[in-house]
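Secondary and tertiary structure notes
Listed here are the chains, written in short residue letters.
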Amino acid sequence: MTGNLKIWRESGVSEAVGYILIFGITMMGIGLVTLVGYPALLNAQADANIRNMERNMISLQSDVNALAYKSVPYKETTMQVNGGVLSVERPNDDKSLSIKVDGADILNIPATPPDTPNRFQFGELLFKSDTGLPIVSLFNGAVVKRDLGGSVMLSEPRWFFDQSTQTLVITLIQIDSDKTLAKSGIVTIQMEIKPIIIDATNTIIKDYTPDTKTVYINYRDVQSDYYRAWENYFGSTLEMQKEDPDWKIDGVQKLVVKAYKVNVIGL
């Protein structure tokens, strides 16, 4: 009888130890998933949302180009916006640009207080992540992205300098809306083209042949949201020279500046 009782007690202890071990391993697994796996899953989802918005913005860039360059009066695009909010940031002087030729302003933009005359104000279609950064923007015909490390241009605007004819072409695209717009989920972006005033014809053509001129571009970005991206574009792609606070390009015989305004009707 005593021997049987001893065996029963040992079996009970063994079962309790096994249960504790299995329970401990289970709780450890749950803890690892909570501390490591779940945040990794959230980060992967956030990265997927950002990549999706990068593709969406490049698609919107094509729509804006169709409005500006192909005389299409209206475009409509439906897309999925997850992990953040898509909004229209109206033009203001914090992000603006001036163009000078040998020190003289060539933009003829009416001064409407508190706006600053002779500066083209951009506006943007902006996707801001729920975490604050990164952000992706359709800005002055380019798709730009800003993260903790700075900003980068994902798709360039239609500016160019033709070395053979020494012709500089600058296109300015303003994004605006008559109302406050911000939305997430399924959005339908409705856009139309509208006139904008930079001179009587909205196109500036200066022919300096046979002489050449120096063109100065002053890009203002008060919050430095996209300054690095545009700085790289001016310096690397257009091969302009920095002459603080301007960027300059020498030897221009013909300058063409064309401005467009894209009005966002709804999201």
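For the structure, see preceding data.
Now for a quick tour of the structure. For every chain, the first residue of the written sequence is number 1, and numbering continues from 1 along that sequence. Selection of residues for local features in this predicted model requires a pLDDT of at least 70, selection of side-chain atom pairs for listing and counting requires 80 or more, and totals for whole chains, interfaces and linings are taken over all residues. Computation of side-chain values: all heavy atoms of the structure, hydrogens and water removed.

Remarks on the packing of aromatic side chains
- Each Phe, Tyr or Trp ring (for Trp, its six-membered ring) is paired with any other whose centre lies within 6.5 Å, and the angle between the two planes then decides the class: stacked below 30 degrees, edge-to-face above 60, tilted in between. Going through the model one piece at a time under the given rule, you end up with 15 aromatic pairs.
- Arranged with centres 5.9 Å apart and planes meeting at 40°, the rings of Trp159 and Phe234 form a pair that is tilted. Note that Trp159 is positioned in the loop between strand E8 (150-155) and strand E9 (160-162) and Phe234 in helix H2 (residues 227-237), a separation of 75 residues in sequence.
- Between Tyr219 and Trp230 the ring centres are 5.9 Å apart and the planes differ by 35°, which places this aromatic pair in the tilted class. Placement of Tyr219 in strand E13 (residues 213-221) and of Trp230 in helix H2 is noted, with a sequence separation of 11 residues between them. One exposure class covers both Tyr219 and Trp230, and it is buried.
- In this structure an aromatic cluster arises from ring pairing among Phe120, Phe122, Phe139, Trp159, Tyr219, Tyr226, Tyr227, Trp230, Tyr233, Phe234 and Trp247. Helix numbering and strand numbering both begin at the N terminus, where a helix is a DSSP run of H or I of at least 4 residues and a strand a DSSP run of E of at least 2. Burial status follows relative accessibility: with a 1.4 Å probe on protein chains alone, a residue under 20% of its type maximum counts as buried, one over 50% as exposed, and anything between as partly exposed.

Digging into H2
- Within H2, the full set of buried residues consists of Ala229, Trp230, Glu231, Tyr233 and Phe234.
- Buried residues along H2 sit against strand E6 (135-139), strand E7 (142-147), E8, E13, strand E14 (241-243) and strand E15 (246-252).
- Count one or two residues on from H2 and you reach Glu239, which has phi positive near 55°. Every residue pair with non-hydrogen atoms within 4.5 Å of one another is taken to be in contact.

Some points on the side chain of Ser137
- Considering the arrangement of structural elements, one finds Ser137 in strand E6.
- The class of Ser137 is buried, set by a relative accessible area of 0%.
- Among the polar contacts listed, one links the side chain of Ser137 to the side chain of Glu124, at a separation of 2.6 Å.
- Ser137 has contacts with Met57, Glu124, Leu125, Leu126, Ala142, Val143, Val144 and Tyr226, leaving out every residue within four places of it along the chain. As used in this structure description, the phrase polar contact means that two N or O atoms lie within 3.5 Å; if the pair is within protein, one of them must be able to donate a hydrogen and the other to accept it, and residues adjacent in sequence are counted only when both atoms belong to side chains.

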